[in-house]
Amino acid sequence: MSHIITLEQLKKTLADKISSGAQVVAPTLRGELAFFQKIDDVNQAVLEPRVRFQNSIKEFFFPRHETIFSFVRQGSDVQLVDAPEFDVEQIVVGARPCDAASLPILDPLFAWDYQDRFFQSRRAKSTVVVFACKTSDAHCFCTAVGGAPDSTNGADAILFALDDGSFEVRCVTDKGKALFSGKTQESDKTGAACAPPSVDFDVEKIATWIRGNFASPVWEEISYRCVGCGACAFVCPTCHCFDIVDEGSYSKGKRVKNWDSCQTVLFTLHASGHNPRATQGARQRQRMMHKFVIYPDKFNAKLCTGCGACSRSCGVSFGVRPALEELAKVANQSENN
Amino acid sequence: METELRNAIRKLLEEKTVDVAIGYGRVGVNGAVGATFVTNPDDVDRLVWNNECRQNLATHLTRAEIKKLGKPAIVVKACDARAVVVLCNEAQIKREDVYVIGVVCDGIETADAAGNKTGALMGKCLSCVEHAAKNVDLLIGDEAAAKALDEKNAPNAKSVGHYEKLAKLRAMSQKERFEYWREQFSKCIRCHACRQNCPLCYCNRCVADKNRPTRIDTSSSLKGNFAWNILRAFHLAGRCVGCGACAAACPAGIELDLLNLTLANAAEDQFGYVSGKELGELPLIGTYSPTDKEEFIR
């Protein structure tokens, strides 16, 4: 026996949450492009499975720009005011499974040497509902990093779109059950995700090659076309680097944290003028090492969900999948030698 | 054309006229087109030319990693060639240090959200009146066909494509126009893909990266986003060649080409200046002419 929710019931559930003061984040269309956004009206939401989003749900847990504290200076007295903790209920609906999968990957990072109350409070207050994928595209490679089109990793509930416009609901956690309790009907219809995307490279084998080839010229060769912007990192659901800056005036302002990317020259530029990652090859190597060697060593998880957002957003047709495919070639060669 | 292009580049590499060729290749996912760099004459078959060659490769000419490879040959469309001219006129490169290969271009197709080509031409291409690249060392393709396309587009050039969008923008009230850009800029994530893909954004340290003191907010707040996007547009006023690389690279789909067109169009209307037309031309903002309209200059 399965549990079904109609599109109308789903909309009403979300509308009720909005009126109760919850923050609802859902897929929306801006022009022809799809973005996750906080919605004020449930009719803004486009509630159907989709491969391509311009942003990930990351920014509702780790915003692209967030105030840490504000300050006011009066004479010699400086008053500091901590930014308030995130304390409303948040419902994130319509995420891709590979997007939600980033959340448990990031949990240990934000609860390691420093307990990041910004991320943690948003996590605690949020319910994440994913849509099982109905299609994949050539950028998708979740299967290579342990994901699947119907993965519930990081999700509180998963919805399978049915042909009649309704959804089969499978609750994963108590939060998911609480959201859908009393909203579904019993049925004998069941949904299914699309076939897993095919991949012809082995990430473990590539990671082994990366460990032994820090100084390989391959890093420079595959990186010539990279122009060093932050698009890949900013659309990535797992990239989490940030910069801390003060904004405002001498007398009044705030300290904020903003997304940052290891692909920019400035990221590692020392005040002396020395840059330990002097070339784009070194910066791409860092990105791949962090995702497939450093983070797994430290937190026992790959820093990549295979969502393909980086390569879809890259202006020069680069990104993690093309990089992995290039590295797979050399990894296979060195294995055969 | 592709064969002709490959043969020309093979010869240049074999004869050591150049050390590296910067061209287009099917380098991305599912054969998506992006920049590729060929140093070995045996590898020229990696090069392609088709209507998916959206990127302006001239952005690579000033990158340190590419300069290290030696003297470059570069494949350019007419709009990209104008960027090479501006780079020369602004003393960023010496014309004799680059071998410029122009390709006759009959228009580049837009990509949909999945990255597939749509069959529709980019806005800049609908109003293009320069299908054969100028100021090049070698032109590949049918020049007569290019001229025919120029003539076909000329009568409507200022009313179709992104000029049509510009007219719509101009017809808006100031308030509506502000709302339009507010919506556009609110999507900006400050990844600076626009800047990095722009051949004319070559500053070693961009004003957006200055932090002693900070000149503009680095935050992707609405204030920071307005500051960044307007500042970049102003910095490109009278310089932008309209290649559209910024908008094509923007992960948020912001119509940056339209923003830059407003200023390029002002430069043309007010001063009769089209950026990147001629080698040796003085930059618009950096010179004055007694024929300039404003009285204060005299």
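It should be emphasised that the depicted structure is a prediction, and the values quoted were computed from it without experimental measurement. (Residues numbered from 1 in each chain as written. Chains lettered and ligands numbered in written order. Predicted model: local features only at pLDDT ≥ 70, side-chain atom pairs only at ≥ 80, totals over all residues. Heavy atoms only, no water.)

Chemist: Give a detailed account of the overall build of chain A, specifying residues and quantitative values.
Modeler: Check the secondary structure of chain A and you find 11 helices and 12 strands. Taking 2.2 N^0.38 as the reference for a compact globule, 337 residues should give roughly 20 Å; the C-alpha atoms of chain A span a radius of gyration of 22 Å, in line with that estimate. Referenced to the eigenvectors of the C-alpha coordinate spread, the extents of chain A come out at roughly 70 × 60 × 40 Å. Across the 337 residues of chain A, 56% fall into the buried class. Relative to all contacts within chain A whose residues are 6 or more apart in sequence, the contacts with residues 24 or more apart total 70%. (Helix = DSSP H or I, 4+ residues; strand = E, 2+ residues; numbered from the N terminus. Rg over C-alpha atoms; globule rule 2.2 N^0.38 Å. Buried < 20%, exposed > 50% of the residue type's maximum accessible area, 1.4 Å probe, protein only. Contact = heavy atoms within 4.5 Å.)

Chemist: Talk me through the confidence of the model for chain B; I want residue IDs and the actual numbers.
Modeler: In the predicted model, chain B carries a mean pLDDT of 93, and the fraction of residues at 70 or more is 99%. Interface confidence for the predicted complex, expressed as ipTM, amounts to 0.94; the pTM equals 0.94. (pLDDT = per-residue confidence, 0-100.)

Chemist: How would you summarise the side chain of His240 of chain A if you had to cite specific residues and measurements?
Modeler: Residues and elements named next belong to chain A. Position of His240 relative to the elements: it lies in the loop between α8 (231-235) and β11 (242-248). His240 sits in the buried class, given a relative accessible area of 8%. Only 2.9 Å separates the side chain of His240 from the backbone oxygen of Thr238, close enough to count as a polar contact. (Polar contact = N/O pair within 3.5 Å; in protein donor to acceptor, adjacent residues only side chain to side chain.)

Chemist: Just give me the short version of the sheet that holds strand β9 (residues 167-171) of chain A, but keep the residues and values in it.
Modeler: Residues and elements named next belong to chain A. A sheet is described by the order of its strands in space; here 8 strands give the open sequence β3-β2-β6-β7-β8-β9-β1-β10, paired in mixed fashion. With partners counted over all chains shown, the strands left at the sheet margins are β3 (33-39) and β10 (185-187), one partner each. Recorded for the sheet is a direction-independent mean angle of 35° between the axes of neighbouring strands. Against the sheet, helix α1 (residues 7-19) contacts β1 (2-5), β2 (23-30), β3, β6 (90-95), β8 (157-161), β9 and β10, and its axis sits at roughly 70° relative to β1. (Pairing = 2+ DSSP bridges. Axes fitted to C-alpha atoms, helices over the stretch in contact; angles between N-to-C directions.)

Chemist: Now, about the domain arrangement of chain B: what can you tell me, with residues and values included?
Modeler: All names here are of chain B. Looking at the assigned domains, one finds that chain B contains domain 1 (2-155) and domain 2 (162-271). Just the C-alpha atoms count here: the centres of domain 1 and domain 2 sit 24 Å apart. In this complex, domain 1 contributes 18 residues to the contact, which on the side of domain 2 involves 15 residues. Overall, the association of domain 1 and domain 2 removes approximately 1,300 Å² of surface from exposure, summing both partners, and the carbon and sulfur fraction of that is 57%. Counting the surface domain 1 buries against domain 2, the share from its top three residues, Thr59, Glu90 and Lys124, is 30%. Between domain 1 and domain 2 we count 1 salt bridge in total. Of the charged contacts, one joins Glu90 and Arg239 as a salt bridge, the two residues approaching to 2.8 Å between their closest N and O atoms. In this structure, the connection of domain 1 to domain 2 is made through 6 residue pairs in polar contact (both at pLDDT 80 or more). Per-element accounting of the side of domain 1 that touches domain 2 gives the leading share, 6 residues, to helix α3 (residues 78-89). When grouped by side-chain class, the residues that make up the side of domain 1 that touches domain 2 number 6 nonpolar, 7 polar and 5 charged. (Domains from an automatic or database assignment. Buried area = accessible area lost by both parts, 1.4 Å probe. Salt bridge = Lys/Arg side-chain N within 4 Å of Asp/Glu carboxyl O. Nonpolar A, V, L, I, M, F, W, Y, C, P; charged D, E, K, R; others polar.)

Chemist: Account for the interface of chain B and chain A, with residues named and values stated.
Modeler: Contact residues are listed per partner, giving 42 residues for chain B and 38 residues for chain A. When the two sides are added together, the surface that chain B and chain A hide from each other amounts to roughly 3,100 Å², 56% of it contributed by carbon and sulfur. On the surface where chain B and chain A come into contact, there are 2 salt bridges. For the salt bridge of Glu65 of chain B with Arg283 of chain A, the shortest nitrogen-to-oxygen distance reads 3.4 Å.

Chemist: Before we move on, can you summarise the nonpolar core with the specific residues and values?
Modeler: Nonpolar side chains tend to gather and get buried jointly when the protein is soluble and globular. Judged by nonpolar contacts, the single largest core of 55 residues is most densely connected at Ile9, Leu61 and Ile74 of chain B. Where this core is concerned, the elements lending two or more residues are α1 (2-14), β1 (20-26), β2 (33-38), β3 (47-48), β4 (72-76), α3 and β5 (99-103) of chain B. At 8 residues, α3 of chain B tops the list of elements feeding residues into this core. Each of domain 1 (2-155) and domain 2 (162-271) of chain B accounts for three or more of the residues forming this core. If near-sequence neighbours (up to four positions away) are discounted, Ile74 of chain B is found in contact with Ile22, Leu57, Ala58, Leu61, Val98, Tyr99, Val100 and Ile101 of chain B. Core analysis: the next-biggest nonpolar cluster, separate from the first, contains 41 residues, Phe53, Ile57, Phe61 and Leu106 of chain A among them. (Core = buried A, V, L, I, M, F, W, Y, C linked by side-chain atoms within 4.5 Å.)

Chemist: I'd like a description of the packing of aromatic side chains, backed by residues and values.
Modeler: Taken as a whole and judged by the stated rule, the model has 17 aromatic pairs over all chains. Ring centres of Phe110 of chain A and Phe119 of chain A lie 4.3 Å apart, and the angle between their planes is 20°; on these two criteria the pair is classed as stacked. Across this residue pair, the class does not change: Phe110 of chain A and Phe119 of chain A are buried. With centroids separated by 4.9 Å and ring planes inclined at 80°, the aromatic side chains of Tyr180 of chain B and Trp181 of chain B adopt a geometry described as edge-to-face. For Trp181 of chain B, a relative accessible area of 9% translates into the label buried. Members of the aromatic cluster, each reached through a chain of ring pairs, are Phe62, Phe110, Phe119, Phe234, Phe242 and Trp259 of chain A. The ring centre of Phe35 of chain A lies 5.3 Å from the NZ or CZ of Arg30 of chain A, which sits over that ring. (Phe/Tyr/Trp six-rings, centres within 6.5 Å; stacked < 30°, edge-to-face > 60°. Lys NZ or Arg CZ within 6 Å of the ring centre and 35° of its normal.)

Chemist: Lay out the packing of helix α9 (residues 222-235) of chain B against helix α11 (residues 256-271) of chain B in plain terms, naming residues and giving numbers.
Modeler: The packing of two helices is summarised by the inter-axis angle and the distance between the axes. Residue and element names in this part refer to chain B. Running from N to C, α9 and α11 point in directions that differ by 45°, and their axes come no closer than 9 Å. Classified by the angle between their axes, α9 and α11 sit oblique to one another. Between α9 and α11 lies a crossing of right-handed hand. Contacts from Asn229, Arg232, Ala233 and Phe234 of α9 reach α11 at Leu256, Leu259, Asn260 and Leu263. Residues of the contact of α9 with α11, tallied by class, amount to 5 nonpolar, 2 polar and 1 charged. (Parallel < 35°, antiparallel > 145°, perpendicular 65-115°, else oblique. Left-handed = near helix turned anticlockwise from the far one by under 90°.)

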